[in-house]
Amino acid sequence: MNFDFTEKQQRIADQAKQIAEKLDLDDVVQRDLAGTFSKPLFRQLINQGVGKWLLPKSMKGDDLNALELTAGIESLAEHCEDSGLIFELSAHLCACIHPIRAFASSEQQAQWLPKITNEAWIGTHAITEPQAGSDIYAMTTNAQKSEDGFVLNGHKDYITNAPVADFIVVHLRTEERGNYFDYSTFILHSHEYGVSLAKAPHSKSGLRTTAMGDIRFNDCQVPEDALIGRLGAGAPIFQVSMEWERVCLFALYLGQMKRQLQKTAHYVSERQQFDAPLSSYQAVQHQLCDMYLNYETGRLLLYKAAWSLDKGDMTGVASSLAKISISNAAISNGQTAVQLHGAQGVISGDIERMLRDAMPSAIFSGTSNVLKNNISTALIKRLKAQWI
């Protein structure tokens, strides 16, 4: 067992560091308070090389696997204080670009991927509905077959990137048989007739520099070649997208926790109270140790999940364990960092922002409670099969 990065993983991590350090983040506090997404910064990330990370080699892309993408996103988040920007980018890569790479036809890839990369288009992955959150199979937004393709109707809520999206990857109900094959996946331009994107993003407590909003479909006509994969293949496409999101996207919290740990260790070493640095007190030492333990534990689970994903594991157990661990760690470490920084921890800035940005991690991409249910079900089956 070798825990060292491969040459390619290290190259991607180094590239991500160089790209992140070139970003002008002087206005991140103001953008966070205003809840503003920066299209220029997103475009800079794409144009500096991130846009090629998931492109197939036939298109002169890096064609990264899950482990390599995880290394890249962790490094970006470590060296970029705008976690909302990295979240928006990661959702674009994991839930929009990867499904195109993995499931779209060669004709669809040729149609969409070069434009998405060259023009720095932003993708949005639309799945959630008011009554279909954790119970995703309760979705009612649908696509009805027509002479010219499909007609889309319904609405999707709380969708990352929706207000600023150039294209949409959407999962819709196409049958009413009451089984796994009732859903299909489509790709379309956000400016198609019959598509309405929220003009103003939702105001959120965390990840405020990520634009989140709603999408409405009103008799939106799309051609047959808007269908990704086969009719009825939406559920497995969604499952793969979620696996990549729960693994690779959550690497941003690893990078955030590492940045947080570095800043906190520096602060408690410099801050003097009672004629001694805070780092000399055992209580503070234990808190710092717990932060590091949380980071390392989550990191091991996440990289194991990425390794499992590259091996073809779609059970969801490894990814769910990693997601739960990292979301718990990110929230806990955020609270500890704020407390150790004292008054400096609650003044607007990177320390308090990291806690707010961590709070949604236990909700999106599968709530912790639902994932625990899934893990327990799988665990019991494994125990019965005696191969845990």
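Residues numbered from 1 in each chain as written. Predicted model: local features only at pLDDT ≥ 70, side-chain atom pairs only at ≥ 80, totals over all residues. Heavy atoms only, no water.

Novice: Teacher, can you tell me more about the packing of aromatic side chains here?
Specialist: Think of a pair of aromatic rings as described by two things: how far the centres are apart, and how the planes are tilted against each other in angle. What the rule picks out here adds up to eleven aromatic pairs. For the ring pair Trp 112 and Phe 167, a centre distance of 6.1 Å and an interplane angle of 45° mean the geometry is tilted. Here Phe 167 lies in strand β4 (residues 167-173) and Trp 112 lies in helix α6 (residues 106-118), a separation of 55 residues in the sequence. Seen from their ring centres, Phe 250 and Phe 364 are 5.3 Å apart, and the 40° between their planes marks the pair as tilted. (Phe/Tyr/Trp six-rings, centres within 6.5 Å; stacked < 30°, edge-to-face > 60°. Helix = DSSP H or I, 4+ residues; strand = E, 2+ residues; numbered from the N terminus.)

Novice: Help me understand the pairing of β4 in this model?
Specialist: Put simply, side chains in a regular strand alternate between the two faces of the sheet. The buried fraction of β4 is high, at seven of seven residues. Here β4 shows a buried face lined by Phe 167, Val 169, His 171 and Arg 173 and a second buried face lined by Ile 168, Val 170 and Leu 172. When strand β1 (residues 123-126) meets β4, the two strands line up parallel, connected through four bridges. Along β4, the bridge assignment pairs His 125 with Val 169. Examined bridge by bridge, β4 and strand β5 (residues 183-189) share seven bridges and lie antiparallel to one another. Each bridged residue has a counterpart across the sheet, and for Val 170 the counterpart in β5 is Phe 186. (Buried < 20%, exposed > 50% of the residue type's maximum accessible area, 1.4 Å probe, protein only. Pairing = 2+ DSSP bridges.)

Novice: I keep staring at helix α1 (residues 7-21) and nothing clicks. Help me out?
Specialist: Each α-helix winds once per 3.6 residues, and so residues spaced three or four apart point in a common direction. Under the 1.5 Å per step criterion, the end-to-end length of α1 is 21 Å for 15 residues, consistent within 8% with the ideal 21 Å. Those residues of α1 not exposed but buried are Gln 9, Ile 12, Ala 13, Gln 15, Ala 16, Ile 19 and Ala 20. Mapping the buried residues of α1 onto a view down its axis gives an arc of 160°, with all of them on the same face. Considering only its buried residues, α1 is in contact with α3 (39-47) and α4 (66-79). (Expected span 1.5 Å × (residues − 1). Arc of directions from axis to C-beta. Contact = heavy atoms within 4.5 Å.)

Novice: Explain the side chain of Glu 74 to me, please; I cannot follow it from the model alone.
Specialist: When you line up the elements, Glu 74 lands in helix α4. Discounting residues that sit within four places of it in the chain, Glu 74 has contacts with Ala 251, Leu 254, Gly 255, Tyr 295, Arg 299 and Tyr 303.

Novice: Mind showing me how you'd approach the pattern of salt bridges here?
Specialist: For side chains bearing opposite charge, pairing can occur when the charged atoms are close. Applying the stated criterion across every chain yields a total of 22 salt bridges. Across the pair Arg 356 and Glu 352 runs a salt bridge whose closest N-O atoms are separated by 2.8 Å. Of this pair, Arg 356 and Glu 352 both sit in helix α12 (residues 350-358), four residues apart, which is roughly one turn of that helix. One exposure class covers both Arg 356 and Glu 352, and it is buried. Salt bridges sharing partners connect three or more residues here, namely Glu 81, Arg 259, Lys 263, Asp 350 and Arg 353. (Salt bridge = Lys/Arg side-chain N within 4 Å of Asp/Glu carboxyl O.)

Novice: Sorry, what's going on with the confidence of the model for the chain here?
Specialist: For residues with low pLDDT, the predicted coordinates do not support detailed interpretation. Averaged over all residues, the pLDDT of the chain equals 94, while 99% of them reach at least 70. By mean pLDDT, helix α13 (residues 368-385) is the weakest element of the chain at 89, and α4 is the strongest at 98. (pLDDT = per-residue confidence, 0-100.)

Novice: What am I meant to see in the nonpolar core here?
Specialist: What tends to happen in soluble globular proteins is that the nonpolar side chains get buried as a cluster. Grouped together as the largest cluster of nonpolar side chains are 75 residues, with contacts concentrated most on Trp 53, Leu 69, Leu 76, Phe 167, Trp 244 and Tyr 253. In terms of residue count, helix α5 (residues 83-103) provides more of this core than any other element does, ten residues in total. Those residues in contact with Leu 76, other than ones at most four positions away along the chain, are Ala 16, Ala 20, Leu 45, Val 50, Trp 53, Ile 86 and Leu 89. Grouped together as the second largest cluster of nonpolar side chains are 19 residues, Ile 168, Phe 186, Leu 197 and Ala 226 included. (Core = buried A, V, L, I, M, F, W, Y, C linked by side-chain atoms within 4.5 Å.)

Novice: It is not clear to me how the environment of Arg 246 should be interpreted in this structure. Could you clarify?
Specialist: Tracing the sequence through the fold places Arg 246 in helix α7 (residues 234-249). Taking the C-alpha atoms as reference points, Arg 246 and Ser 332, separated by 86 residues in sequence, lie 19 Å from one another. Engagement of the side chain of Arg 246 in a polar contact is seen with the backbone oxygen of Ser 365, the distance being 2.6 Å. (Polar contact = N/O pair within 3.5 Å; in protein donor to acceptor, adjacent residues only side chain to side chain.)

Novice: Please clarify how α13 should be interpreted in this entry.
Specialist: Taking 1.5 Å of rise per residue, 18 residues should cover 26 Å, and α13 covers 25 Å from first to last C-alpha, within 8% of that figure. Of the residues making up α13, those classed as buried are Ser 368, Leu 371, Ile 375 and Ala 378. When α13 is viewed along its axis, its buried side chains cluster within an angular range of 95° and face the same direction. Exposed and facing more than 90 degrees away from the buried side of α13 are Asn 369, Asn 373, Lys 381 and Lys 384. Residues of α13 that are buried sit in contact with α7 and α10 (317-341). Two residues or fewer after α13 comes Gln 386, characterised by a positive phi angle close to 55°.

Novice: How should the environment of Tyr 303 be read in this particular structure?
Specialist: Mapped onto the elements of the fold, Tyr 303 is located in helix α9 (residues 282-310). A relative accessible area of 12% means that Tyr 303 is categorised as buried. Taking the C-alpha atoms as reference points, Tyr 303 and Ala 322, 19 residues apart in sequence, are found 8.5 Å from one another.

Novice: What's the story with the packing of helix α8 (residues 251-270) against α12 in this structure? I'm lost.
Specialist: Each pair of packed helices can be described by the angle between their axes along with the distance between the axes. Where α8 contacts α12, the two axes come as close as 11 Å, and the packing angle between them is 150°. In this view, α8 runs roughly antiparallel relative to α12, as classed from their interaxial angle. Remark: the crossing between α8 and α12 carries left-handed chirality. Where α8 abuts α12, its residues Tyr 253, Gln 256, Arg 259, Gln 260 and Lys 263 lie against Asp 350, Ile 351, Met 354, Asp 357 and Ala 358. Its residues assigned to classes, the contact of α8 with α12 shows four nonpolar, two polar and four charged. (Axes fitted to C-alpha atoms, helices over the stretch in contact; angles between N-to-C directions. Parallel < 35°, antiparallel > 145°, perpendicular 65-115°, else oblique. Left-handed = near helix turned anticlockwise from the far one by under 90°. Nonpolar A, V, L, I, M, F, W, Y, C, P; charged D, E, K, R; others polar.)

Novice: What should I look at first to understand unusual backbone geometry in this one?
Specialist: Glycine aside, residues mostly have negative phi angles, and peptide bonds mostly take the trans form. Unusually for a residue other than glycine, Asp 219 sits at a positive phi of about 50°. As for its placement among the helices and strands, Asp 219 is situated in strand β7 (residues 212-222).

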